[in-house]
There are 2 protein chains.
Amino acid sequence: MSEISRNGVGGGGQPGRIGIGLELDDVHMKILEVLRENGRISVAALAERVGISRANAYTRFEALRADGAIKRFTAEIDHVRTGLGITALIFVTVRQQMWKQFRAELARMPEVEYCAITTGQHDAMIQVRVSDVAAVHTMVTDRLANIPAVKATETVFILDEVLKRPYVLPSDGDRDRPRSPRRPAPEAQGDVPLGMMRFVGAAEGRAALRKDG
Amino acid sequence: MSEISRNGVGGGGQPGRIGIGLELDDVHMKILEVLRENGRISVAALAERVGISRANAYTRFEALRADGAIKRFTAEIDHVRTGLGITALIFVTVRQQMWKQFRAELARMPEVEYCAITTGQHDAMIQVRVSDVAAVHTMVTDRLANIPAVKATETVFILDEVLKRPYVLPSDGDRDRPRSPRRPAPEAQGDVPLGMMRFVGAAEGRAALRKDG
DNA sequence: GTTGAAATTAGTACGAA
DNA sequence: TTCGTACTAATTTCAAC
């Protein structure tokens, strides 16, 4: 379920004005900041925390929802408590021209929480939550392996989830980041050990793969 | 911020009864199911959808919150709309005995949405959201490279987020999954191309790394 | 975009089954 | 435990400014 908006590399626009949606000003951002920490706050309390009137808060709240800037509200739950304490990442290599099938099969796998198409060595990364390690094995060898679209997989386990923010906002950077310019100053690039850093681009023909998804 | 519960590989318990918390029955699960799709639903409406009384819904709702099964409520937002349309995964190799420093530095990076410690070739995977591809480059070469704890990185871009469920619940499997047993039947393992599947274990000495985090 | 007052709904506290 | 009801407090809506 829940197809989400596409992020195209290189398609980044300027903050606050993207697409044909409404313009997000500082007040909108502040509203989002509050809602990400407490999604169940009343609009009245929200108005007070943001520093605007009730009516204004209702208007903006509804606008953010209607525009799609807020996609939905959800509860964050403790997976260990619900019996799904094992999390794994499965990197999948997908056969060309079979993306549609791959996506269809994904929708039929409830244990998959997240799937993203990536550049690099593999084509997609999926995150699964299951009750035990055996279930990961079953998932990979029984379910994924039986999908013709899946050429190969590579599985790693998640030992610990160190950080999980509800989501990131542009305004987060205003806190302690030194307001870095879009492009780093040329002289700043010299003093880092670039040899240790690898940017992994898309494999050959990857660009064409997105079309038949 | 927001340290979350640790998921230990091999530490999976039986569903519905983990740790010393409250016992989660079918009604609790149904409540979570509703709340994950609509985190702002009123308790009155929640009671109706689950099929219990209002008073009972309040009791269980509060119990789930107090127990920690529900960690928080949040709004899911459209990152492209807020100007953070570029998402990247950075796989990090961390120097032994320097995990504490790595985690401290992570907390000071607002663009990091998620960080997990993994088995396999790398030690950690972090997901960042920024406004443009140049910001990823700045992030990796300027910020991450300057952390002594970081030995090496590998970066891939996310081209498309195909699937993003609020979270997975054990009951999700009751829908269309053929109620698979914990461990796959021996004969079922023979007809899959195991040669294409790779399970990547932890690098040498990885187990010791968790202690000094 | 703001304030204030009416209508509605949410949250709490009971006793009964 | 769970349900049903009554009570109190808060929120949402809608009006005028």
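Quick notes on the rules
Residues numbered from 1 in each chain as written. Chains lettered and ligands numbered in written order. Predicted model: local features only at pLDDT ≥ 70, side-chain atom pairs only at ≥ 80, totals over all residues. Heavy atoms only, no water. Helix = DSSP H or I, 4+ residues; strand = E, 2+ residues; numbered from the N terminus. Buried < 20%, exposed > 50% of the residue type's maximum accessible area, 1.4 Å probe, protein only. Contact = heavy atoms within 4.5 Å. Areas by Shrake-Rupley, 256 points an atom, 1.4 Å probe, with all protein chains shown as cover. Axes fitted to C-alpha atoms, helices over the stretch in contact; angles between N-to-C directions. Parallel < 35°, antiparallel > 145°, perpendicular 65-115°, else oblique. Nonpolar A, V, L, I, M, F, W, Y, C, P; charged D, E, K, R; others polar. Polar contact = N/O pair within 3.5 Å; in protein donor to acceptor, adjacent residues only side chain to side chain. Pairing = 2+ DSSP bridges. Near = heavy atom within 4 Å. Salt bridge = Lys/Arg side-chain N within 4 Å of Asp/Glu carboxyl O.

### Notes on the overall build of chain A
Counting its regular elements, chain A contains 6 helices and 6 strands. Each helix and strand of chain A, ordered N terminal to C terminal, gives the series α-α-α-β-β-α-β-β-α-β-β-α. Of all 213 residues assigned to chain A, the portion counted as buried reaches 54%. Within chain A, contacts between residues separated by at least 24 positions form 70% of all contacts whose residues are at least 6 apart in sequence. Accessible surface for chain A amounts to roughly 9,400 Å². Of this, 52% is attributable to carbon and sulfur atoms.

### Let's talk about the packing of helix 1 (residues 26-37) of chain B against helix 3 (residues 54-67) of chain B
All names here are of chain B. Where helix 1 contacts helix 3, the axes come no closer than 11 Å and their chain directions differ by 80°. In this view, helix 1 runs roughly perpendicular relative to helix 3, as classed from their interaxial angle. Residues Val27, His28, Ile31, Leu32 and Leu35 of helix 1 touch helix 3, and the partners they reach there are Arg60, Phe61 and Leu64. In terms of residue class, the contact of helix 1 with helix 3 is built from 6 nonpolar, 1 polar and 1 charged.

### Points about the environment of B:Tyr114
Within the secondary structure layout, B:Tyr114 lies in strand 3 (residues 112-118). C-alpha separation for the pair B:Tyr114 and B:Gln127, spaced 13 residues apart in sequence, amounts to 5.1 Å. With sequence-adjacent residues up to four places away left out, B:Tyr114 is seen in contact with A:Gln127, A:Ile158, A:Glu161, A:Leu163, A:Lys164, B:Met125, B:Ile126 and B:Gln127. Here the side chain of B:Tyr114 touches A:Gln127 through a polar contact of 3.1 Å, side chain to side chain. A distance of 2.4 Å separates the side chain of B:Tyr114 from the side chain of A:Glu161, its partner in a polar contact.

### Examining the pairing of strand 2 (residues 86-94) of chain B
Residue and element names in this part refer to chain B. Most of strand 2 sits inside the fold, with 9 of its 9 residues counted as buried. Side chains of strand 2 alternate between two faces, with Ile86, Ala88, Ile90, Val92 and Val94 and Thr87, Leu89, Phe91 and Thr93 buried alike. Two strands pair when backbone bridges link them, and strand 2 and strand 4 (residues 124-130) are joined in this way by 7 bridges, in the antiparallel orientation. Pairing of Thr87 across the sheet is with Arg129, part of strand 4. Direction of pairing for strand 2 relative to strand 5 (residues 150-164): antiparallel, over a ladder of 7 bridges. If you follow Thr93 over to strand 5, its bridge partner there is Ala152.

### Details of the protein's contact with DNA strand C
Taken together, A:Ser53, A:Arg54, A:Ala55, A:Asn56, A:Arg60, B:Ser42, B:Val43, B:Ala44, B:Arg54 and B:Tyr58 make up the full set of residues adjacent to DNA strand C. Backbone atoms, meaning sugar plus phosphate, form 60% of the atoms of DNA strand C positioned within 4 Å of the protein. For DNA strand C, a base nitrogen lies 3.4 Å from a polar atom in the side chain of A:Arg54. The set of elements that each furnish at least two residues to the surface near DNA strand C consists of helix 3 (54-67) of chain A together with helix 2 (43-50) and helix 3 of chain B. Looking at the surface near DNA strand C element by element, the count peaks at 4 residues for helix 3 of chain A. Tallied by class, residues from the surface near DNA strand C come to 4 nonpolar, 3 polar and 3 charged.

### Remarks on the pattern of salt bridges
Side-chain pairs of opposite charge can arise where the charged atoms are in close proximity. Residues and elements named next belong to chain A. Counted according to the given criterion, the structure contains 22 salt bridges over all chains. A salt bridge links Arg129 to Glu113, with the nearest nitrogen and oxygen atoms 2.9 Å apart. One end of the pair, Arg129, is in strand 4 (residues 124-130); the other, Glu113, is in strand 3 (residues 112-118), and 16 residues separate them in sequence. Neither Arg129 nor Glu113 differs from the other in exposure class; each is buried. Connected via shared salt-bridge partners are Glu113, Arg129, Glu161 and Lys164.

### Quick word on the protein's contact with DNA strand D
Near DNA strand D, the surroundings consist of A:Ser42, A:Val43, A:Ala44, A:Tyr58, B:Ile52, B:Ser53, B:Arg54, B:Ala55, B:Asn56 and B:Arg60. For DNA strand D, the backbone portion of the atoms within 4 Å of the protein, that is sugar and phosphate, comes to 79%. A distance of 3.2 Å is found between a phosphate oxygen of DNA strand D and a backbone nitrogen or oxygen belonging to A:Val43. At a separation of 3.0 Å, a phosphate oxygen of DNA strand D approaches a polar side-chain atom of B:Ser53. Looking at the surface near DNA strand D, the elements that each hand over two or more residues are helix 2 (43-50) of chain A together with helix 3 of chain B. No other element matches helix 3 of chain B, which puts 4 residues into the surface near DNA strand D.

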